[in-house]
Every structure is written in C-alpha cells, then in structure tokens.
Amino acid sequence: MSAPVSLLGHWYALGPEGVTFYPGHPDFGVFRVVEDNPALPDVLIENDAGQRFILARDLACEIAIPPIQF
C-alpha cells in the first residue's frame with residue numbers, strides 16, 4: 001500500500017481494548033494529523049486537548065484513516 005501524498009487531516013483513535021469506538025466516546029482520544037510534509041519522516045499530531053507531538057510517518061500511514069466529520 002502506498003502512502004498518500006499528504007496525511008493532513010487523517011486521524012486515529014486510541015481507547016480501551018475490546019471496546020468499539022464511536023465519535024464522542026468518552027474513553028477514547030482522537031488524534032489528527034495537523035502538519036505534514038511528505039519529504040519529512042514524521043508528521044505532527046494534535047489530540048482533542050490541543051497537545052501536539054510528532055509521530056513517525058510510517059506508523060501514521062499504518063494507523064490513520066482519511067478525514068471524516070464528527
């Protein structure tokens with residue numbers, strides 16, 4: 001699977017194992033790609049609290065899905 005040109009807006013959710021995610025689920029955190037330069041090895045992620053951190057592009061490509069509206 002090839003990586004998209006940009007992951008900007010792609011997202012993923014983290015929460016308890018064995019629990020089905022739904023938008024607004026209080027036990028899950030949603031993380032979005034807010035900055036992306038395909039020439040760099042990392043992307044910038046932001047959580048719902050506004051905290052930002054970098055994530056390896058390879059991992060983001062594996063776990064993030066295309067943008068949707070919540």
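Further up the page is the structure itself.
Residues numbered from 1 in each chain as written. Predicted model: local features only at pLDDT ≥ 70, side-chain atom pairs only at ≥ 80, totals over all residues. Heavy atoms only, no water.

### Topic: the environment of Ala60
The residue Ala60 is located in helix H1 (residues 57–63) in this model. Measuring from C-alpha to C-alpha, the distance between Ala60 and Asp36 comes to 11 Å, with 24 residues separating the pair along the chain. Every residue in contact with Ala60, bar those within four places of it in the chain, is listed here: Leu7, Val43 and Leu55. (Helix = DSSP H or I, 4+ residues; strand = E, 2+ residues; numbered from the N terminus. Contact = heavy atoms within 4.5 Å.)

### So, the pairing of strand E2 (residues 29–35)
Remark: a regular strand shows side chains that alternate across the two faces of the sheet. Across four bridges, the pairing between strand E1 (residues 11–14) and E2 is antiparallel. Bridge pairing in E2 places Tyr12 opposite Phe31. Where E2 lies against strand E3 (residues 42–47), four bridges are found, and the strand directions are antiparallel. By the bridge assignment, Glu35 is partnered in E3 with Leu44. (Pairing = 2+ DSSP bridges.)

### Considerations on the sheet that holds E3
Strand pairing within a sheet occurs via backbone hydrogen bonds; the two strands may be parallel or antiparallel. Reading across from one edge, E1-E2-E3-E4 is the order of the four strands in this open sheet, with antiparallel pairing throughout. The open sheet has two edge strands, E1 and strand E4 (52–56), and neither has a second partner. Pairs of neighbouring strands in the sheet enclose a mean axial angle of 40°, with direction left out of account. (Axes fitted to C-alpha atoms, helices over the stretch in contact; angles between N-to-C directions.)

### Structural notes on the packing of aromatic side chains
In total, this model carries four aromatic pairs according to the counting rule given. Here the aromatic rings of Tyr12 and Phe31 are separated by 5.2 Å at their centres, their planes lie at 10°, and the arrangement is stacked. With Tyr12 in strand E1 and Phe31 in strand E2, this residue pair connects regions lying 19 residues apart in the sequence. For Phe31, a relative accessible area of 14% puts it in the buried group. (Phe/Tyr/Trp six-rings, centres within 6.5 Å; stacked < 30°, edge-to-face > 60°. Buried < 20%, exposed > 50% of the residue type's maximum accessible area, 1.4 Å probe, protein only.)

### A short note on the environment of Val19
Mapped onto the secondary structure, Val19 falls in the loop between E1 and E2. Judged by relative accessible area, Val19 falls into the partly exposed class, the value being 37%. For the pair formed by Val19 and Ala60, sequence separation is 41 residues and the distance between their alpha carbons is 21 Å.

### Section: the side chain of Arg57
With respect to the element layout, Arg57 can be found in helix H1. For Arg57, a relative accessible area of 10% translates into the label buried. Here Arg57 is in contact with Leu7, Asp36, Asn37, Pro38, Leu40, Pro41, Asp42 and Val43, once residues within four sequence places are set aside.

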